[in-house]
Amino acid sequence: MKKTLFTWIILSALMAPGEARSVSRNGQGASADGRSIYKKGWIDFNKNGVKDAYEDPGAPLEARVADLLSRMTLEEKTCQMATLYGSGRVLRDSAPTAAWREEVWKDGIANIDEQANGLGTFRSSISFPHAASVRNRQEIQRWFVEQTRLGIPVDFTNEGIRGLCHDRATMFPAQCGQGASWDRSLIARVAAATAEEAKALGYTNIYAPILDVARDPRWGRVVECYGEDPFLVSELGREMVTGLQSRGLASTPKHFAVYSVPVGGRDGDTRTDPHVAPREMRTLLLEPFRVAVEEAGAMGMMSSYNDYDGVPVTGSRLFLTGILHERWGFEGYVVSDSEAVEFLQTKHRVVATPWEAAAMAVNAGLNVRTNFTPPGDFILPLRRAVGEGLVPMEVIDERVAAVLRVKFRLGLFDEPFRGDGREAGRVVHSPAHRELALEAALESIVLLKNEGGALPLSPTARRVAVIGPNAREVKNLVCRYGPANPALESVFDGIARRLPGADVGYALGCEVVDERFPESELYRVPANDRERALMDEAVALAAGAEVAIMVMGGNERTVRESSSRTSLDLPGRQDELLQRVHATGTPVVLVLLDGRAASVNWAARHVPAIVHAWFPGEATGEAVARVLFGDYNPGGKLPVTFPKSVGQIPFAFPFKPGGDSEGRSRVNGALFPFGHGLSYTTFEYSRLTVERPVIAAGDSVRLSCLVRNAGDVAGDEVVQLYLRDEVSSVTTYMKVLRGFERVHLAPGEERTVRFVLPPRSLGLWNGENRFVVEPGRFTLMVGSSSEDIRLTGNVEVAG
């Protein structure tokens, strides 16, 4: 329920005790003369009895920002440049106390992150029921409005990359799975649901989407990325940013910039030294962020830990001011990733003291520092830096004005008390959102192999073995950046529910990793007694079954932040288990739950059916069961390339000439290429039509093709459009993705799929580092994957 300030004042008197506390006259919520600061249509934030410009909802935005900034002391300004981590991480109190009058945030704070979301010290005690979560943030907001001199409201921030990071919110697939859907409209609806839950709970700024381009599958955070291709990431990222912000929230994409390619793919304590050339950086890694800012108008941006060419990004004026503001016109505020400011001194060692680190970051363009340490650890050194002349006051004013501007744009000075306990109970994890979570899970699943029509399985099967470390896993499929305590169904439970009359047996078989992992990736380590017993039990179960469904891959123990790998093979004893079960002669289906590409070479050769489900979210069990037994025809496509060997890396689409060529003494080609994904039906392509084969520079390209479902099962096809610049002034890629459409077709149905390529789709960064469209011939390729091209055509850009 959306409430204006006036209706909030009236309703607060009618709500149950604690739902919205009334304003007292003994210093809280009162001006100097004892009158309430809550007026009809405005709030007297500075408690002087006068409607000042910043308090006037009808005043122009810039006038409000300038008026408030002119009233602020250095102490108040610097407090608007730091995050306070909530839920017991840094903010140890669950609610305001008298001691807060002695804390640094007595002068305000920019934002409070993850407060009362079900994580941290307090867990569910202040986050569930959801009305309690709303009350908690409203009470804290009331303290900042009523107890600080200028009453500047807090921006309540939270994570939201796979659903809102909150206790019992709706859990969608991981971003890698969302990327596998190749469905803009789906991402828009996931964004809408996330926004609705965030708004009902009272959050105003969501740290999403992650726009890192996952170029190295060894990297632990590939699970959190839409894919390896900048166009795919840009298109889906735009939908997330727009979906959040169109519902009154700020979207803060992350991690800007060049974060996803640390040296060797190493995360954890590395996260540095990306070996990326400038043109590659602009073409591949910056493009999704450009789209988020220039085209979607993102109000936030998170700066990353890493350096680029020896300069830490969080201390780089080139990135935080030159690219973001001057080139792209960014109008929001930049928040650091946790500890990125401190790393200027402690990791990158480009400054010697905390105040020099603060000065470097702020002068570069940082607005708000975040870390899991008290905000005073940054605010006090920043004040010292100002006092020593390291940061001019005009720079402080610019940085603070950007934070205030976002708060005004969010309407926090008109409606500071966000969220509604009753509405949250209705909206959060609603039936409609649960249905959307299932739809998203289904659309994310990719059929990698289906030899001889091994899938779908017969629903009349009577003896089914469900085996593997992820078969009954739930705990380690829950991500710290997603909902806490989600209602997640395991694959085994989903299959057992789908086959109520069958004997569905379960065996663990092996753990995701063995006891000597990752050392066991270097040489064979003999199995211990428990490992042998687990495997024997699984083999016996499979031998007596009609089909063995092997549920393998990775989970939070192998792929997440700070969990990079040095191999892409199935970890632990999973390959051995798979081979032993296969040797029983029982038909085998392999289901992978994982967040990265896997070099499942033995399975690709010997197992007839392979399904990749990524991390499907709360609907994991039902979604996988529906696909396996033919209730849903999978239509997902790979958002990343699957190499055959870790030794091929770097090996990601798009490729430069020769980048994926063959050699006599090495493994060649992809195990599964970018864009690959099979179906239980077949699709035919025909009638490629290019509207104007010759265009002028600055014109768009319009083309269409006909796609027909030639099978007897309804299904989704992702029609993919690729482009090649045949002659260019600098080396370009052999083909680049420039369009895609996911279409649903009934048996025998055909549809004309249309593409419009704006002029920028034909451009490149030339030798003078200018983005230009050069004259010449371009090849257009339409197909079912980057290697399964069905139709080709040409367009000429006239000179």
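Nothing here was measured: the structure is a model prediction, and the numbers come from that model. (Residues numbered from 1 in each chain as written. Predicted model: local features only at pLDDT ≥ 70, side-chain atom pairs only at ≥ 80, totals over all residues. Heavy atoms only, no water.)

The next thing to look at is the overall build of the protein. Helix and strand counts for the protein come out as 21 helices and 29 strands. Expected size for 799 residues packed as a compact globule is a radius of gyration near 28 Å; at 27 Å, the protein falls within 12% of this value. Dimensions of the protein, computed from C-alpha atoms along their principal axes, come out at roughly 85 × 70 × 55 Å. Across the 799 residues of the protein, 63% fall into the buried class. Residue pairs in contact within the protein that sit at least 24 positions apart in sequence constitute 78% of those at least 6 positions apart. With the model as given, the accessible surface of the protein reaches about 28,200 Å², and the carbon-plus-sulfur share is 49%. Looking at the protein, you have 91 positive and 100 negative side-chain charges, and the mean spots of the two groups are 2 Å apart. (Helix = DSSP H or I, 4+ residues; strand = E, 2+ residues; numbered from the N terminus. Rg over C-alpha atoms; globule rule 2.2 N^0.38 Å. Buried < 20%, exposed > 50% of the residue type's maximum accessible area, 1.4 Å probe, protein only. Contact = heavy atoms within 4.5 Å. Areas by Shrake-Rupley, 256 points an atom, 1.4 Å probe, with all protein chains shown as cover. Lys, Arg positive; Asp, Glu negative; His and termini not counted. Charge placed at Lys NZ, Arg CZ, Asp CG, Glu CD.)

Moving on, we come to the side chain of R282. Note that R282 resides in helix α8 (residues 278-285). In this structure, R282 is buried with no salt-bridge partner, the nearest side chain bearing the opposite charge being E287 at 9.5 Å. The contact partners of R282, leaving out residues within four places of it in the chain, are E287, R327, W765 and N769. (Salt bridge = Lys/Arg side-chain N within 4 Å of Asp/Glu carboxyl O.)

The subject of this paragraph is the pairing of strand β5 (residues 155-159). The two faces of the sheet receive side chains in turn, since in a regular strand these alternate between them. For β5, a buried count of five out of five residues is recorded, marking the element as mostly surrounded by other parts of the structure. Residues of β5 alternate between two faces, with D155, T157 and E159 on one and F156 and N158 on the opposite face, all of them buried. Note that strand β4 (residues 111-113) and β5 share three bridges and pair parallel. For N111, the partnering residue across the bridge sits in β5 and is D155. (Pairing = 2+ DSSP bridges.)

Turning next to the side chain of D155. Along the chain, D155 turns up in strand β5. Although D155 lies buried, it forms no salt bridge, and the closest oppositely charged side chain, K407, sits 6.6 Å away as judged by the N-O distance. A distance of 2.6 Å separates the side chain of D155 from the side chain of T204, its partner in a polar contact. Discounting chain neighbours no more than four positions away, the residues touching D155 are A110, N111, I112, T204, N205, Y333, K407, L410 and L412. (Polar contact = N/O pair within 3.5 Å; in protein donor to acceptor, adjacent residues only side chain to side chain.)

Quick look at the sheet that holds strand β16 (residues 588-593) now. An order of β12-β17-β16-β15-β13-β14 is seen for the six strands of this open sheet, with the pairing classed as mixed. Because the sheet does not close on itself, it has two edges, and the strands there are β12 (446-450) and β14 (503-507). Sheet twist, expressed as the mean angle between neighbouring strand axes with direction ignored, is 15°. Pairing of β16 with strand β17 (residues 609-612), which is carried by four bridges, proceeds in the parallel orientation. Bridge pairing links V589 to A609 in β17. Running over the sheet, helix α19 (residues 574-582) touches β13 (463-467), β15 (547-553) and β16 and is turned about 170° from β15. Most of the contacts of helix α21 (residues 620-628) go to β16, to which it runs at about 145°, and overall it touches β15, β16 and β17. (Axes fitted to C-alpha atoms, helices over the stretch in contact; angles between N-to-C directions.)

The subject of this paragraph is unusual backbone geometry. With an omega dihedral of 5°, the bond running from K254 to H255 counts as a cis peptide bond. Tracing the backbone through its elements, the reader meets H255 in the loop between β7 (250-251) and α8. Cis geometry is found at the peptide bond from F256 to A257, where omega equals 10°. Position of A257 relative to the elements: it lies in the loop between β7 and α8.

This part takes up the state of the cysteines. Enumeration over the complete set of coordinates arrives at zero disulfides. Looking at C176, it has no disulfide partner, and the nearest cysteine sulfur is the one in C225, 8.6 Å off. (Disulfide = S-S within 2.5 Å.)

Our focus in this paragraph is the environment of V403. Counting through the fold element by element, V403 comes out in helix α14 (residues 393-409). Taking relative accessible area as the criterion, V403 reaches 0% and is therefore assigned buried. Along the sequence, V403 and M299 sit 104 residues apart, while their C-alpha atoms lie 9.8 Å from each other. Once residues within four sequence positions are removed from consideration, V403 is found in contact with Q80, A110, Y333, N367 and V368.

So, about the packing of aromatic side chains. For the structure on display, the rule yields 27 aromatic pairs. With a centroid separation of 5.4 Å and an interplanar angle of 75°, the aromatic rings of F45 and F413 are classed as edge-to-face. Highlighted residues: F45 in the loop between β2 (42-43) and α2 (61-71) and F413 in the loop between α14 and α15 (421-427), separated in sequence by 368 residues. On the accessibility criterion, F45 (0% relative accessible area) is buried. Ring centres 5.9 Å apart and planes at 90° place the aromatic pair Y308 and F319 in the edge-to-face group. Of this pair, Y308 sits in strand β9 (residues 307-308) while F319 is found in helix α10 (residues 317-327), placing the two residues 11 residues apart along the sequence. For Y308, a relative accessible area of 10% gives the class buried. Three or more aromatic residues joined by ring pairs form one cluster here, namely W182, F231, F653, F674, Y722 and F740. Just above the ring of F740 sits the side chain of R184; from NZ or CZ to the centre is 3.9 Å. Just above the ring of W355 sits the side chain of R384; from NZ or CZ to the centre is 3.5 Å. (Phe/Tyr/Trp six-rings, centres within 6.5 Å; stacked < 30°, edge-to-face > 60°. Lys NZ or Arg CZ within 6 Å of the ring centre and 35° of its normal.)

By the definition in use, this model includes 54 salt bridges. For R238, the salt bridge identified is with E295, shortest N-O distance 2.5 Å. Of this pair, R238 sits in helix α7 (residues 230-245) while E295 sits in helix α9 (residues 287-295); the two residues are 57 residues apart in sequence, bridging distant segments of the chain. Assessed through its relative accessible area of 42%, E295 is described here as partly exposed. The shortest N-O distance in the salt bridge between E489 and R497 comes to 2.9 Å. Linked by salt bridges that have partners in common, R184, E235, R238, E287, R290, E294, E295, E741 and R760 make up one network.

Taking 1.5 Å per residue, 17 residues should reach 24 Å; α14 reaches 24 Å between its end C-alpha atoms and fits that length. V395, I396, R399, V400, A401, A402, V403, L404, V406, K407 and F408 are the residues of α14 that are buried. Just downstream of α14, G411 is the residue with a positive phi angle, here 80°. (Expected span 1.5 Å × (residues − 1).)

The strand order across the open sheet formed by five strands is β3-β4-β5-β6-β7, and the pairing between neighbours is parallel. Of all strands in the sheet, those with a lone pairing partner are β3 (83-85) and β7, marking the two edges.

Further remarks concern helix α17 (residues 491-498). Counting along an α-helix, one turn takes 3.6 residues, and residues three or four places apart therefore face a common direction. Listing the buried residues of α17 in full gives V491, F492, G494 and I495. Projected down its long axis, α17 shows its buried positions confined to an angular sector of 165°, all on one face. (Arc of directions from axis to C-beta.)

Tracing the backbone through its elements, the reader meets R777 in strand β28 (residues 776-783). Spatially, the C-alpha atoms of R777 and E726 are 5.9 Å apart, while their sequence positions differ by 51 residues. If near-sequence neighbours (up to four positions away) are discounted, R777 is found in contact with R724, D725, E726, N794, V795 and E796. For R777, the side chain forms a polar contact with the side chain of N794, separated by 3.0 Å.

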